[in-house]
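# Examining the three-dimensional arrangement
Listed below are the residues making up each chain.
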Amino acid sequence: MTMETAEMYDKMGVSREVYDFTEHIIGGLKERFDRIDDTAEYNQLKVLKAMQDNGIGEAHLSGTTGYGYNDIGREALEKVYADIFHTEDALVRPQIACGTHALSLALFSALRPGDELLSASGKPYDTLEEVIGIRPSGGSLAEYGITYAQAPLDENGRMDPEAIRTRLSPNTKLAAIQRSKGYQTRPTFSVKEIGEIVSFIKGIRPDIRILVDNCYGEFVERIEPSEVGADLVAGSLIKNPGGGLAPCGGYLVGRRDMIEAASHALTSPGLGKEVGASLGVLPLFYQGLFLAPTVTASALKGAIFAAAAYEALGFPVYPKASEKRHDIIQAVTLQSAEAVISFCRAIQAASPVDSFAAPEPWPMPGYDSDVIMAAGNFVSGSSIELSADAPIREPYTVYFQGGLTWPHARFGITRTIQQLLDDKMIDRGALKCYH
Ligand SMILES: *Cc1c(COP(=O)(O)O)cnc(C)c1O
């Protein structure tokens, strides 16, 4: 078995030496992987039960055009999401353009002029800076007279109850928590930790509503932030919950009144959830959701394998291979621009689509240094598929995520090791000690 696989790897440009090194690394991860599979099994049943309980049938897959009135498939899908996340209601739509849009809908619908938004988890994700108005932008919350306060994280990168307490004001209406680290070097918060902060805030001010940015976190654990007190939870369908099949879209789950308000922001007051044609996406939304627990597990295994392999090769990795995971992102500090470029080119070369392309760093809008991105994806920009990106600046850290299947995630990472070895950016001796 292994012999044949090693030969296949050889045909795809990976030497026996590198393959054996990865075999050794993976040998040490078996227990970890078993626990990930257990979580995937639990979540698979959770998704299946929600579909069965809602009586999903063939009729739910057909979709609507035009206004999209009486779209039974869309309505049932929103019930399925509400069940999975244990919430009163949900909004799951192809018209939600991305994760930022879902979060923006949540913020604009929950806040009114004079209200204050508090970020309880330090600096928010880059794209939210313009939504909030931290970086001036036309139509931001700031332009509508909605103020903003930010509670910094403590020295360990954890949410800091005392910092949160001192930043509460009589106008604080909504507190936002970002689960995943995004592109920062801080820990991703567990659902339990999020629950503790929710209880802390509600203990002081029960009227404050809590929004959780759940991007990259869905199905990594057995529970979601909405099960520990969050009033509204938002995410992107081209990350975990779309299972790699959703071609676009975003979701919101939470309190009925808050979902209704968000639906007014999405379509219009008075129309709310009643309109929004699902066109042809429902089979992909349903099937993607069905696959999401195991796809997320594949991506998690890829992240842990990358951490373990690069740790063994002597590179700083974040989080470390042995750490608990609460999202699917892996950072590896490669220490030179050349190594970052080699890594990203190898991920691209390992992709099913556009494997022949060589990504180049470019000055992407909104970033203060050139950025390189590798993604040979079926769905453009999808980061549940094998992908890597990096700003070209010190300390030259590459962010890696995704992998629709574990074998593909494994191959992609293995391919990067071969590339760095060929480009003389890792020392052959580092592989040999496992030989
Ligand atoms: C991806 C992501 C978002 C939203 O990004 P989009 O590219 O707009 O989908 C927001 N927050 C976090 C933590 C993310 O990872």
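The paragraphs below set out a description of the structure included in this document. Treat the numbers as computed from the prediction; the structure is a model and nothing was measured.

### Examining helix H5 (residues 99–110)
- Relative to the 16 Å expected for twelve residues at 1.5 Å per residue, H5 spans 17 Å between its end C-alpha atoms, a close match to the ideal helical length.
- When you tally the buried positions in H5, you get nine out of twelve residues, the bulk of the element.
- Buried within H5 are the following residues: Gly99, Ala102, Leu103, Ser104, Leu105, Ala106, Leu107, Ser109 and Ala110.

### A word on the sheet that holds strand S11 (residues 387–391)
- Pairing is antiparallel across the open sheet formed by five strands, whose spatial order is S8-S9-S12-S11-S10. Strands at the two margins of the open sheet, each flanked by one partner only, are strand S8 (317–318) and strand S10 (371–374).
- As defined by bridge partners, S11 adjoins strand S12 (residues 397–401) across three bridges and the pair is classed as antiparallel. Following the sheet pairing, Ser387 is matched in S12 by Gln401.
- The strands that helix H11 (residues 337–349) touches are S10, S11 and S12; relative to S10, the one it contacts most, it runs at about 25°.

### Some details on the pairing of strand S6 (residues 232–236)
- With respect to burial, S6 is a largely interior element, five of its five residues being buried.
- Alternating residues of S6 divide into Leu232, Ala234 and Ser236 and Val233 and Gly235, and every residue in both groups is buried.
- Of the strand pairs in this sheet, strand S5 (residues 209–213) and S6 are connected by three bridges, and their pairing is parallel. When the sheet's bridge partners are listed, Leu211 is paired in S6 with Leu232.

### Some words on the site of the ligand
- By nearness alone, every residue bordering the ligand is listed as Cys98, Gly99, Thr100, Leu103, Tyr125, Gln178, Asp213, Cys215, Tyr216, Ser236 and Lys239.
- Interatomic distance of 2.8 Å between a backbone N/O atom of Gly99 and an oxygen atom of the ligand.
- In terms of residue count, the dominant contributor to the shell around the ligand is H5 (three residues).

### Focus: the environment of Ile72
- With respect to the helices, strands and loops of the structure, Ile72 is situated in helix H4 (residues 72–84).
- The partly exposed category is assigned to Ile72, whose relative accessible area is 43%.
- A sequence separation of 158 residues divides Ile72 from Ala230, and the C-alpha atoms of the two residues are 27 Å apart.
- Those residues in contact with Ile72 that sit more than four places away from it in its chain are Ala59 and His60.

Conventions adopted
Residues numbered from 1 in each chain as written. Predicted model: local features only at pLDDT ≥ 70, side-chain atom pairs only at ≥ 80, totals over all residues. Heavy atoms only, no water. Helix = DSSP H or I, 4+ residues; strand = E, 2+ residues; numbered from the N terminus. Expected span 1.5 Å × (residues − 1). Buried < 20%, exposed > 50% of the residue type's maximum accessible area, 1.4 Å probe, protein only. Pairing = 2+ DSSP bridges. Contact = heavy atoms within 4.5 Å. Axes fitted to C-alpha atoms, helices over the stretch in contact; angles between N-to-C directions. Near = heavy atom within 4 Å. Polar contact = N/O pair within 3.5 Å; in protein donor to acceptor, adjacent residues only side chain to side chain.

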